[in-house]
Amino acid sequence: MNKMKLRSFVTIAMLSSISFILMFLNFPLPYFPVFLEIDFSDVPALIAAITMGPVAGILVEFIKNILNWLFMGAPTGVPVGHMANFATGILFIMPVYYVYKRTNSVKGLIFGLIAGTFTMSIGMSVLNYVAFLPMYTYFLGMGTFDVKETIVLGILPFNIIKGILLMVLVLMLFRTMRNWIENQRAQYLLQKQ
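It should be emphasised that the depicted structure is a prediction, and the values quoted were computed from it without experimental measurement.

Here's the deal with helix α1 (residues 2-24)
Turn by turn, an α-helix covers 3.6 residues, leaving residues three or four places apart pointing in a common direction. Compared with an ideal rise of 1.5 Å per residue, which puts 23 residues at 33 Å, α1 spans 34 Å between its outermost C-alpha atoms and is within 8% of the ideal. Of the positions making up α1, those classed as buried are M4, S8, T11, I12, L15, S16, S19, F20 and M23.

Okay, structure coming up:
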């Protein structure tokens, strides 16, 4: 039992490290606000959630954002972008985990990825309207701008595109890693019993 706990901690640490490194390989999309950048750091968190459960995925999201904040800092002094990235990751991986858990098939993974993209897009639109954009404007002393327009023309389509890109990458990885993922998942399910 202790051996599996240690293995879980090591796996979460490894996936968090990979996720942290992937955060550095970010890039903006043309025609979108400059603070919106695509990165694939949610993929290791999704692998953690699928193989070890939702808490592992949340821990990977949390650790990668803490590490990035400690190493890179935040332009506002307050990690608003890191909080937004954490929320984005959770909104993406949780629906994928729950749908895949019920169906345990490629079709289930596809439906989960679609649900995750939808949840992430709508959820981040609401959270940006209510919390993140007001925090950015307060901490950075930005002038007034049309928040609704920024969300409808920037954040919502950006998150849809990000979800589609993540979906394509996860499906490509799943084709090659399916046996390993299923093996890991079976081992962690046995550990819980």
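Considering the pattern of salt bridges
Counted by the stated rule, this structure contains 3 salt bridges. The partner of D42 in a salt bridge is K64, and the shortest N-O contact between them spans 3.0 Å. A residue pair is termed long-range when its members are at least 10 positions apart, and D42 in helix α2 (residues 42-52) and K64 in helix α3 (residues 54-72) qualify at 22 residues. Overall, the relative accessible area of 1% leaves D42 in the buried class. Among the salt bridges present, the one from K64 reaches E61, with a minimum N-O distance of 3.1 Å. Separated by 3 residues within a single helix, K64 and E61 lie in helix α3, roughly one turn from each other.

A closer look at the side chain of N68
By the element assignment, N68 lies in helix α3. Classification of N68 as buried rests on a relative accessible area of 9%. If near-sequence neighbours (up to four positions away) are discounted, N68 is found in contact with F20, M23, F24, G73 and H82.

Notes on the UniProt feature "transmembrane region" (unreviewed entry) in the protein
Mapped onto the present numbering, the UniProt feature "transmembrane region" (unreviewed entry) falls at residues 6-31, 43-63, 83-100, 109-131 and 151-174. Between the first and last C-alpha atoms of residues 43-63 the distance is 14 Å; the span itself is 95% helix and 0% strand.

Some remarks on the packing of α1 against α3
At a minimum axis separation of 8 Å, α1 and α3 run at an interaxial angle of 50°. Taken as axis vectors, α1 and α3 run oblique relative to one another. In this structure, α1 meets α3 at a crossing whose hand is right-handed. Two secondary-structure elements touch here, α1 through I12, L15, S16, S19, F20, M23 and F24 and α3 through A56, L59, V60, I63, K64, N65, L67, N68, F71 and M72. Looking at side-chain class alone, the contact of α1 with α3 contains 12 nonpolar, 4 polar and 1 charged residues.

Remarks on unusual backbone geometry
Within the chain, Y31 stands out as a residue other than glycine whose phi angle is a positive 75°. Along the polypeptide, Y31 turns up in the loop between β1 (27-28) and β2 (37-38). According to the relative accessible area criterion, Y31 is exposed, its value standing at 84%. Even without a glycine there, the phi angle at N104 is positive, about 50°. Its place among the elements puts N104 in the loop between α4 (80-103) and α5 (106-140).

A short note on the side chain of T150
Among the structural elements, T150 can be located in helix α6 (residues 147-192). With sequence-adjacent residues up to four places away left out, T150 is seen in contact with L133, F145 and I155.

Concerning a nonpolar patch on the surface
Together, F24, L25, F62, I66, W69, L70, F71 and M72 line one region of the surface with nonpolar side chains, adding up to about 850 Å² of accessible area. Sorting elements by how many residues they give to the nonpolar patch places α3 first, with 6 residues. Tracing the chain through its elements places I66 in helix α3.

Things to note about the nonpolar core
If you look at the biggest cluster of nonpolar residues, it comprises 34 residues, and the most contacted ones within it are L46, I50, M52, F92, I93, L109 and L113. Elements that contribute at least two residues to this core include exactly α1, α2, α3, α4, α5 and α6. With 9 residues, the top contributor of residues to this core is α4. Ignoring sequence-local partners within four residues, the contact set of I93 consists of D42, A45, L46, A49, G57, I58 and E61. Of all hydrophobic cores here, the second largest spans 8 residues; its members include L29, L133, I151 and I155.

Rules of the game
- Residues numbered from 1 in each chain as written.
- Predicted model: local features only at pLDDT ≥ 70, side-chain atom pairs only at ≥ 80, totals over all residues.
- Heavy atoms only, no water.
- Helix = DSSP H or I, 4+ residues; strand = E, 2+ residues; numbered from the N terminus.
- Expected span 1.5 Å × (residues − 1).
- Buried < 20%, exposed > 50% of the residue type's maximum accessible area, 1.4 Å probe, protein only.
- Salt bridge = Lys/Arg side-chain N within 4 Å of Asp/Glu carboxyl O.
- Contact = heavy atoms within 4.5 Å.
- UniProt positions renumbered as here; feature names shortened; annotations may be inferred.
- Axes fitted to C-alpha atoms, helices over the stretch in contact; angles between N-to-C directions.
- Parallel < 35°, antiparallel > 145°, perpendicular 65-115°, else oblique.
- Left-handed = near helix turned anticlockwise from the far one by under 90°.
- Nonpolar A, V, L, I, M, F, W, Y, C, P; charged D, E, K, R; others polar.
- Patch = residues over 30% accessible without salt bridge, like charges linked within 9 Å, V, L, I, M, F, W, Y side chains within 5 Å.
- Areas by Shrake-Rupley, 256 points an atom, 1.4 Å probe, with all protein chains shown as cover.
- Core = buried A, V, L, I, M, F, W, Y, C linked by side-chain atoms within 4.5 Å.

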